[in-house]
Amino acid sequence: MACLSISCFDDQSTKKKVMTSEKEVCTLDGAVDRHGRPAIRDKTGTWVSGILILVNQGLATLAFFGVGVNLVLFLTRVLGQDNAEAANNVSKWTGTVYIFSLLGAFLSDSYWGRFKTCAIFQAIFVIGLASLSITSYVFLVRPKGCGDEHTPCNSHSSLHIALFYLSVYLVALGNGGYQPNIATFGADQFDEEDPKEGHSKIAFFSYFYLALNLGSLFSNTILGYFEDEGMWVIGFWASTASAAMALLLFLCGIPRYRHFTPKGNPLSRVSQVVIAATRKWKVQMMPNSEGLFDDDDKELASNGARRILHTNGFRFLDKAAVITSSECDKLDDGARNPWRLCTVTQVEEVKCILRLLPIWLCTILYSVVFTQMASLFVEQGAAMRTNISTFHIPPASMSSFDILSVAAFIFIYRRVIDPVFARLTKSSLTELQRMGIGLVIAICAMVSAGTVEIFRLKHANKDCLHCDDSSSLSIFWQIPQYVLIGASEVFMYVGQLEFFNSQAPDGLKSFGSALCMTSISFGNYVSSLLVTIVMKISATDNMPGWIPGNLNKGHLDRFYFLLAALTAADLAVYILCAKWYKYIKFESREADATTAV
């Protein structure tokens, strides 16, 4: 009875007593339990649910990268594709994964809710992995034992190839639709209106990114080794088992999860504001934007969303909330056409999206830097000395230093940097400040990589035919650039997750997380375009370009320094955008409750 609606009581003193009891027992952020009732604080959410979601993320990431990390090798060794075709197919597949994140975010925010969306797409993910494992075992890895560095596989029919692509794109659909929602769903388990849980909610994003990296660490090392040795079916079945275990753990948390009801189709809400403002472009507004329609208490109460306070930017959109004389008459009759008159909160939702876009655009170039780990860093490492005595170090395994760096810097930031900064300035670093620091560290990473390349070239055999191990410079000189990338991720990507989650309107939280993923997607595309442009410009009759097949005859260092310069320019633009940005201001739900009393 403690969670009954306050409006059920008539006596004012009774209302206040029940409201006090409600605050002690129920969450204040509008979350509900699996039955749709207000979520009880002690019986739902918090770290019990959060840890389940973190383990789920680690296992799902292990499964995904168990396929993705060596997909290019599978295409060349098992399906017989050449390097260029395989690289192009992997780029398309990776980009598709992140594009599917927008689909998952849309379905979650509009219709299904985050739990249902996560469960459905995780099930698709498991089906895709199981299909890939069966298809590889029955049709593709033939003869048995083929697919390693020395034993090519037989040719395959069009049907077998089609089954393979159906399987891997089911994996892309499942992971892409699941990823933007699981981070937001994890954050939903903490009540930001409660000081203690609000602090835990901020910490959750750091641990979430740590879980993601620890999952990929196992894939890049153990599973990567098995698949590199040609044991593809074992690797794929291990990924399937990991994804299935992740799904089962996720479902185990059903009694504890907190939920937020979907807020409706955001596209129609945005369209309504744009059309209503366009129809009223000649309407004169009152000074200081007074008299705007803000009577949305019933609508907000029905979906648990918060009122957004009015801001002065993008004043043209405010006209959507101006009440004309004809609309005033309809309001008296209790009727409102949302395509002609919108609420202030609805207008502010559109303003939020417009303010987020410049910040998001500035993160794309950082993603270009980040993607070099999976491409040029590996090629650079392969052209260095990779042996310690008789032990060969796979160049791709150097990304383990990035993951270890992420784990270390998450701890350093949360336990050292943030407390010291708060003690000195009486405030914590904002998400925008942390993202700016991430860009600065990314510049340092590119300068480090370029410097290493200069010294690698000095110790290289430029007349080599096969340039693996062609330089006497040890691959361990790459450690600083990997460590710096890892440190930048803690500031940039964790900051991004927190920023887009906190600044997205209540009905677009998953969309905010999807922005992080699409940033990485566009980073892949921009990186590919940049390499193509650089090669066309830098290639001459006497020089094969900065990034030729034989790196000893190119200038990879110049490309790294170019990225550093572009990131520095991006940082300058980012600083301007960050100064221009105005943080969204929600009216607290506690204030709403007091108003209701």
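Residues numbered from 1 in each chain as written. Predicted model: local features only at pLDDT ≥ 70, side-chain atom pairs only at ≥ 80, totals over all residues. Heavy atoms only, no water.

## Things to note about helix H8 (residues 232-252)
Taking 1.5 Å per residue as the helical rise, H8 with its 21 residues ought to reach 30 Å, and the 30 Å between its terminal C-alpha atoms agrees with that figure. Along H8, the positions that sit buried rather than exposed are Trp232, Val233, Gly235, Phe236, Ser239, Thr240, Ser242, Ala243, Ala246, Leu247 and Phe250. Buried residues along H8 sit against helix H2 (46-68), helix H3 (71-77), helix H5 (114-140), helix H6 (158-187) and helix H7 (195-228). (Helix = DSSP H or I, 4+ residues; strand = E, 2+ residues; numbered from the N terminus. Expected span 1.5 Å × (residues − 1). Buried < 20%, exposed > 50% of the residue type's maximum accessible area, 1.4 Å probe, protein only. Contact = heavy atoms within 4.5 Å.)

## Re the state of the cysteines
Each disulfide consists of a covalent bond between the sulfur atoms of two cysteine residues. One pass over the full model with this rule turns up one disulfide. The side chain of Cys146 participates in a disulfide bridge whose partner is Cys153; the two sulfur atoms lie 2.0 Å from each other. One disulfide, between Cys146 and Cys153, carries an S-S torsion of 95° and so falls in the right-handed class. Residue class for Cys153 comes out buried when judged on its relative accessible area of 15%. (Disulfide = S-S within 2.5 Å.)

## Observations concerning the side chain of Gln496
Residue placement: Gln496 occurs in helix H17 (residues 479-503). A relative accessible area of 0% means that Gln496 is categorised as buried. Excluding its chain neighbours within four sequence positions, the residues that come into contact with Gln496 are Thr363, Met435, Cys516 and Ser519.

## Thoughts on the packing of aromatic side chains
Tallying each qualifying case throughout the model produces 33 aromatic pairs. Judged by centre distance (5.8 Å) and plane angle (80°), the rings of Phe377 and Tyr560 are edge-to-face. Taken together, the residues span a long stretch of sequence, with Phe377 in helix H14 (residues 376-382) and Tyr560 in helix H19 (residues 556-580) at a distance of 183 residues. Both residues of the pair, Phe377 and Tyr560, belong to the buried class. Judged by centre distance (5.4 Å) and plane angle (65°), the ring pair of Phe499 and Phe500 falls under edge-to-face. The exposure class assigned to Phe499 is buried, which follows from its relative accessible area of 0%. Owing to a relative accessible area of 0%, Phe500 belongs among the buried residues under this scheme. Members of the aromatic cluster, each reached through a chain of ring pairs, are Trp47, Phe190, Phe204, Phe205, Tyr207 and Phe208. A cation over an aromatic ring shows up here: Arg142 above the ring of Tyr137, its NZ or CZ 5.7 Å from the ring centre. When the ring centre of Phe455 is taken as reference, the NZ or CZ atom of Lys458 above it lies at 5.2 Å. (Phe/Tyr/Trp six-rings, centres within 6.5 Å; stacked < 30°, edge-to-face > 60°. Lys NZ or Arg CZ within 6 Å of the ring centre and 35° of its normal.)

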